[in-house]
Amino acid sequence: MAALEGALPRRTRVLRRWQRWPNNVALVGIATVAVRLIIPFAAIGVAATAEAQGWGLLNQFALPDWVEVAAAVMLLDLVIYGQHVAFHAQPWLWRVHRTHHSDPDIDVTTALRFHPVEIMLSLLVKLVAVGVIGASPLAVLIFEVLLNATAMFNHANIALPLPVDAVVRRFLVTPDMHRVHHSIDARETNSNYGFNLPWWDRLFGTYRAQPLAGHQGMTIGLCGFRAGSDQRIDQLLVQPLRQDVVEGADHG
């Protein structure tokens, strides 16, 4: 994705890469260490336990493996969609999630830019969802790979030909579709919550096809967090505690 951004950029950058990339990558590194220290088990482990004990919805039926995997992946994706909506709707969750939205540019490293607290909360939601759904270890593995790969794809600053984008977004969230979600306009921020499958936004009425100002004219990020100094790793870590932005003004 980074190579494609260099070859087929969609938007001109606001800040230089060196001002953003090291801090975005450092943030996910800190989150990874924190998760491993605090939550010493993974979603695949929960899936294996649920499968062995017969826990969860899908384990109550004798489904073909491919049906179980497809159903589990779709249900897990729906859970992530619902979680994303909740992180925008609840003020205290938004304060954690806005670290992701405060990036004044959007590219492949924005897909890594989540506060460690959000990463841990998201993992806990996922662990519960895996157990309730009864997803198999294979389904969880496929879902994790797809979620991470598609997140990097749809955050990437790449220009897909419009006819290609129109076809792909019927089955997968595209960069143009997700970029709308990172608009500074609250009406657009509260849309296109999907990371992987685009169907939930259409089903629940949160789909917005294009930004009002166009992809070149739209402003990315949040008011109050657009300076280069706001992109430092120390500022990203303490951002949920900052109160120098009127709550709700940025997202709804």
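Residues numbered from 1 in each chain as written. Predicted model: local features only at pLDDT ≥ 70, side-chain atom pairs only at ≥ 80, totals over all residues. Heavy atoms only, no water.

K.L.:
How should the nonpolar core be read in this particular structure?
P.N.:
What tends to happen in soluble globular proteins is that the nonpolar side chains get buried as a cluster. With 27 residues, the main nonpolar core has Leu 76, Val 130 and Ala 135 as its most contacted residues. Every element with two or more residues in this core is listed here: helix H2 (17-38), helix H3 (43-53), helix H4 (65-89), helix H6 (116-133) and helix H7 (137-155). (Core = buried A, V, L, I, M, F, W, Y, C linked by side-chain atoms within 4.5 Å. Buried < 20%, exposed > 50% of the residue type's maximum accessible area, 1.4 Å probe, protein only. Helix = DSSP H or I, 4+ residues; strand = E, 2+ residues; numbered from the N terminus.)

K.L.:
Quick question: what am I supposed to make of the side chain of Arg 20 here?
P.N.:
Along the chain, Arg 20 turns up in helix H2. Of note is the side chain of Arg 20, whose polar atom sits 3.5 Å from the side chain of Thr 110. The contact partners of Arg 20, leaving out residues within four places of it in the chain, are Arg 13, Leu 15, Asp 103, Asp 105, Ile 106, Asp 107, Thr 109 and Thr 110. (Polar contact = N/O pair within 3.5 Å; in protein donor to acceptor, adjacent residues only side chain to side chain. Contact = heavy atoms within 4.5 Å.)

K.L.:
I'm lost on a nonpolar patch on the surface in this one. Help?
P.N.:
A grouping of Ile 44, Leu 138, Leu 141, Ile 142, Val 145 and Leu 146 is seen on the molecular surface, where their side chains present a nonpolar patch of about 480 Å² in accessible area. In terms of residues, the nonpolar patch owes the most to one element, H7, which gives 5 residues. Assignment of secondary structure puts Ile 142 in helix H7. (Patch = residues over 30% accessible without salt bridge, like charges linked within 9 Å, V, L, I, M, F, W, Y side chains within 5 Å. Areas by Shrake-Rupley, 256 points an atom, 1.4 Å probe, with all protein chains shown as cover. Salt bridge = Lys/Arg side-chain N within 4 Å of Asp/Glu carboxyl O.)

K.L.:
For this particular structure, what's the right way to read the packing of H4 against H7?
P.N.:
The description of two packed helices rests on the angle between their axes and on the distance between the axes. Relative to each other, H4 and H7 sit at 50°, their axes nearing to 9 Å. The orientation of H4 with respect to H7, classified from their angle, is oblique. Crossing geometry of H4 relative to H7 is assigned as right-handed. When H4 is examined against H7, the residues Glu 68, Val 69, Ala 72, Val 73, Leu 76, Asp 77 and Ile 80 are found in contact with a partner set consisting of Leu 138, Ala 139, Ile 142, Phe 143 and Leu 146. The class makeup of the residues in the contact of H4 with H7 is 10 nonpolar, no polar and 2 charged. (Axes fitted to C-alpha atoms, helices over the stretch in contact; angles between N-to-C directions. Parallel < 35°, antiparallel > 145°, perpendicular 65-115°, else oblique. Left-handed = near helix turned anticlockwise from the far one by under 90°. Nonpolar A, V, L, I, M, F, W, Y, C, P; charged D, E, K, R; others polar.)

K.L.:
Explain the side chain of Asn 196 here, please?
P.N.:
Here Asn 196 lies in the loop between helix H10 (186-189) and helix H11 (199-203). In this structure Asn 196 comes out as buried when scored by relative accessible area, which is 3%. When near neighbours in sequence (up to four residues on either side) are disregarded, Asn 196 contacts Asp 77, Leu 146, Thr 150, Phe 171, Leu 172 and Val 173.

K.L.:
Help me understand the pattern of salt bridges, please; the structure alone is not making it clear to me.
P.N.:
It is possible for side chains of opposite charge to pair when their charged atoms get near one another. In this structure the tally under the stated criterion is 12 salt bridges. Across the pair Arg 179 and Asp 176 runs a salt bridge, and its minimum N-O distance is 2.6 Å. Of the two residues, Arg 179 and Asp 176 both sit in helix H9 (residues 175-179), 3 residues apart, roughly one turn of that helix. The same class applies to Arg 179 and to Asp 176, which are both buried. Linked by salt bridges that have partners in common, Glu 5, Arg 13, Arg 20, Asp 103, Asp 107 and Arg 113 make up one network.

K.L.:
Looking at this structure, how should I read H7?
P.N.:
Taking 1.5 Å per residue as the helical rise, H7 with its 19 residues ought to reach 27 Å, and the 27 Å between its terminal C-alpha atoms agrees with that figure. Of all the positions in H7, only Ala 139, Val 140, Phe 143, Leu 147, Thr 150, Ala 151, Phe 153, Asn 154 and His 155 are classed as buried. For H7, the angular spread of buried residues about the axis comes to 160°, placing them on one side. Close packing links the buried residues of H7 with helix H1 (2-7), H3, H4, helix H5 (91-101), H6 and H9. (Expected span 1.5 Å × (residues − 1). Arc of directions from axis to C-beta.)

These figures capture arrangement, not role.
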